Amino acid sequence: MQIDFSKSPDGLVPVVIQDAQTLEVLMLGYMNQEAYDKTVQEKVVTFYSRSKNRLWTKGETSSNFLHVQSMHIDCDNDTILIKAKADGPTCHTGARSCFKTSYNQNFILELESIIRGRYENPQEGSYVDKLRRKGLKKIAQKVGEEGVETVIAALAETETDFINEASDLAFHLLVLLREKGVSLETIAQNLEVRHTNPQPPRGEALKLQ
């Protein structure tokens, strides 16, 4: 990564922090070369505080650290995008995002994270844990059942019924994906390839309009 810190008279470049799971924009900060080097080395976001005139590691007082998952620079080499995993609320007000965006806008991605957490740290009595214990065949069966119920609701029931059944289907599909070790990111990448490739290796091209 070749970041041009000299473009700014104070040697600072803007840094956009994005939640690596939900892609929600969490905050904007600034880095100089030293802050950038420290962030790269420690994998925890450190800014240069313009008000304190010193390096400032996000979470140094609140313990709500931002753990770097990936770093990217823009086409002009003067802005950094960091995808991070947050330990807690990012904003000093206690809000998840400094921009007060609706967190539910990406809830399905958060739900994937919740399901993964239930697998990694099983909670006895939780529905996900019950499914996990029953294994792949039962989970796959549930997806099939919910798929049929979604079709029936679409054809013969109310819109509310259809929304509820489609939600059940999406949830159980997420559990099945986790059981198989496949992420939504993988599915999205596959859909993108199938959308852009007129002759995919398997099946017909999926054209998303």
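It should be emphasised that the depicted structure is a prediction, and the values quoted were computed from it without experimental measurement.

The rules behind the values
- Residues numbered from 1 in each chain as written.
- Predicted model: local features only at pLDDT ≥ 70, side-chain atom pairs only at ≥ 80, totals over all residues.
- Heavy atoms only, no water.
- Helix = DSSP H or I, 4+ residues; strand = E, 2+ residues; numbered from the N terminus.
- Rg over C-alpha atoms; globule rule 2.2 N^0.38 Å.
- Buried < 20%, exposed > 50% of the residue type's maximum accessible area, 1.4 Å probe, protein only.
- Contact = heavy atoms within 4.5 Å.
- Areas by Shrake-Rupley, 256 points an atom, 1.4 Å probe, with all protein chains shown as cover.
- Lys, Arg positive; Asp, Glu negative; His and termini not counted.
- Charge placed at Lys NZ, Arg CZ, Asp CG, Glu CD.
- Domains from an automatic or database assignment.
- Salt bridge = Lys/Arg side-chain N within 4 Å of Asp/Glu carboxyl O.

Caption draft 1: Summary view of the overall build of the chain. On a plain count of helices and strands, the chain comes out with six helices and six strands. Shown N-terminal to C-terminal, the secondary structure of the chain runs as helices and strands in the order β-β-α-β-β-β-β-α-α-α-α-α. Rg of the C-alpha trace for the chain: 22 Å, well past the compact-globule value of 17 Å for 209 residues, more than 25% over. In the chain, buried positions account for 30% of the 209 residues. Contacts in the chain between residues far apart in sequence, at least 24 positions, make up 47% of those at least 6 positions apart. Total accessible area computed for the chain in this model is approximately 13100 Å², and 52% of it derives from carbon and sulfur atoms. Each charge class in the chain can be summarised by its mean position, and for the 25 positive and 29 negative side chains these summaries are 5 Å apart.

Caption draft 2: Local environment of the domain arrangement of the chain. Splitting the chain by domain gives domain 1 (13-86) and domain 2 (107-196). Between the C-alpha centres of domain 1 and domain 2 the distance comes to 33 Å.

Caption draft 3: Fine view of the side chain of His172. By secondary structure assignment, the location of His172 is in helix α5 (residues 159-180). Of the residues examined, His172 reaches a relative accessible area of 5% and is grouped as buried. With residues up to four places along the chain from it excluded, the contact list for His172 reads Tyr127, Leu131, Ile139, Lys142, Val143 and Glu146.

Caption draft 4: Seen up close, unusual backbone geometry. Here the phi dihedral of Ser63 falls at roughly 70°; this positive angle occurs in a residue that is not glycine. The residue Ser63 is located in the loop between β4 (54-57) and β5 (66-73) in this model. Although it is not a glycine, Asn77 adopts a positive phi angle of roughly 60°. With respect to the element layout, Asn77 can be found in the loop between β5 and β6 (80-86). Assessed through its relative accessible area of 30%, Asn77 is described here as partly exposed.

Caption draft 5: Representation of the pattern of salt bridges in the model. For the coordinates displayed, the defined rule picks out nine salt bridges. Note that Asp78 is salt-bridged to Lys7, the shortest N-O span being 3.8 Å. Taken together, the positions of Asp78 in the loop between β5 and β6 and Lys7 in the segment before β1 (13-19) put the pair 71 residues apart, joining distant regions of the chain. The residue Lys142 makes a salt bridge to Glu146 at a minimum N-O spacing of 3.5 Å. On the criterion of helical spacing, the pair formed by Lys142 and Glu146 is a turn pair, its members being four residues apart in helix α4 (residues 136-156). For the pair formed by Lys142 and Glu146, the shared burial category is buried. It is possible to trace a salt-bridge network through shared partners that takes in Asp19, Glu24 and Arg96.

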